Each structure stands twice: as structure tokens, then as C-alpha cells.
Amino acid sequence: MISREPPRMAVWLLKRWASPYQRESLLGDLLEMFRAGRSRTWYWRQVIAALILARTRTLRSLPSTGFGASLLRLLNALLMAAIIALGVGSLTQADTARIDSYHSHSR
């Protein structure tokens, strides 16, 4: 049996941006569930949710005043926009592939 591997970009994002306290257990749990049959779309949704939570916690710990805090908030917002764009692009590709596969089997 061939073991399934999750989307590489999603794993890379988790390794770089997820909470350092939960990173390894999160990667392991997601891999286990993915190999048990969860979809790539499901995996991406979990990754996006984990990264949003990690960034939100980071922002909450910042001082509420000062130029540096504002700049960091802006950078975090841009990072989140990029993560969401990557996730949406991946979901769109997965859905398109599934639709194409369905149409080729129904002919």
C-alpha cells in the first residue's frame, strides 16, 4: 500500500508558522487523520485554522501602542492574507480536479 502524503506547502507552513509548543503534535495528528482518509481540502482547512490561531495569539501578546506594534500587526495581516490565498488556491485546484475526475467517469 502506498502511504499518502499531505500537501507539502501546507506542511511547510505549519513547520514555519505554527505554535512552537504544539507544532509536532499538530503535524502528527493531522498526518494520522490524513492517512486515515481525510481529504487534501480538509488538511488545508486545518492548517489555515491553526495558523490563524497562532497569529492571533501572537498579536494579542503585543503591546497595544507604538509604531513597531502597528508594523508587526500589518506584517501579520499580510502573512495571513498570503496563507489564505494559498489555501483557497489549493482548495480550488482540489475541487477542480475532483470535478474533472467526476466528469471523465460519467461519460
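Everything that follows concerns the structure shown earlier in this document.
Just so it is clear, the structure is predicted and the values come from calculations on it, not from any experiment. Note that residues are indexed from 1 along each chain, following the sequence as it is written. Since the coordinates come from a predicted model, pLDDT governs what is reported: local features require at least 70, and pairs of side-chain atoms require 80 or more to be given and counted, while whole-chain, interface and lining totals use all residues. The side-chain values count all of the structure's non-hydrogen atoms but skip hydrogen atoms and water molecules.

### Observations regarding the overall build of the protein chain
- The secondary structure listing takes helices from DSSP runs of H or I that are at least 4 residues long and strands from runs of E that are at least 2 residues long, numbered from the N terminus. Tallying secondary structure elements over the protein chain gives 4 helices and 0 strands in all.
- What you see in the protein chain, going N to C, is helices and strands ordered as α-α-α-α.
- The contact criterion used is simple: two residues touch if any of their non-hydrogen atoms lie within 4.5 Å. Partitioning the contacts of the protein chain with sequence separation of at least 6, the portion at a separation of at least 24 is 67%.
- Accessible area for the protein chain stands at about 7600 Å²; split by element, carbon and sulfur atoms hold 61% of it. In short, Shrake-Rupley with a 1.4 Å probe defines the accessible areas, and a residue's cover is counted only from the protein chains shown.

### Examining helix H1 (residues 8-17)
- Accessible area is worked out with a 1.4 Å probe on protein chains only. A residue is then buried under 20% of its type maximum, exposed over 50%, and partly exposed in between. Of all the positions in H1, only Ala10, Val11, Leu13 and Leu14 are classed as buried. For H1, the angular spread of buried residues about the axis comes to 160°, placing them on one side. The directions considered for the arc run from the helix axis to the C-beta atoms.

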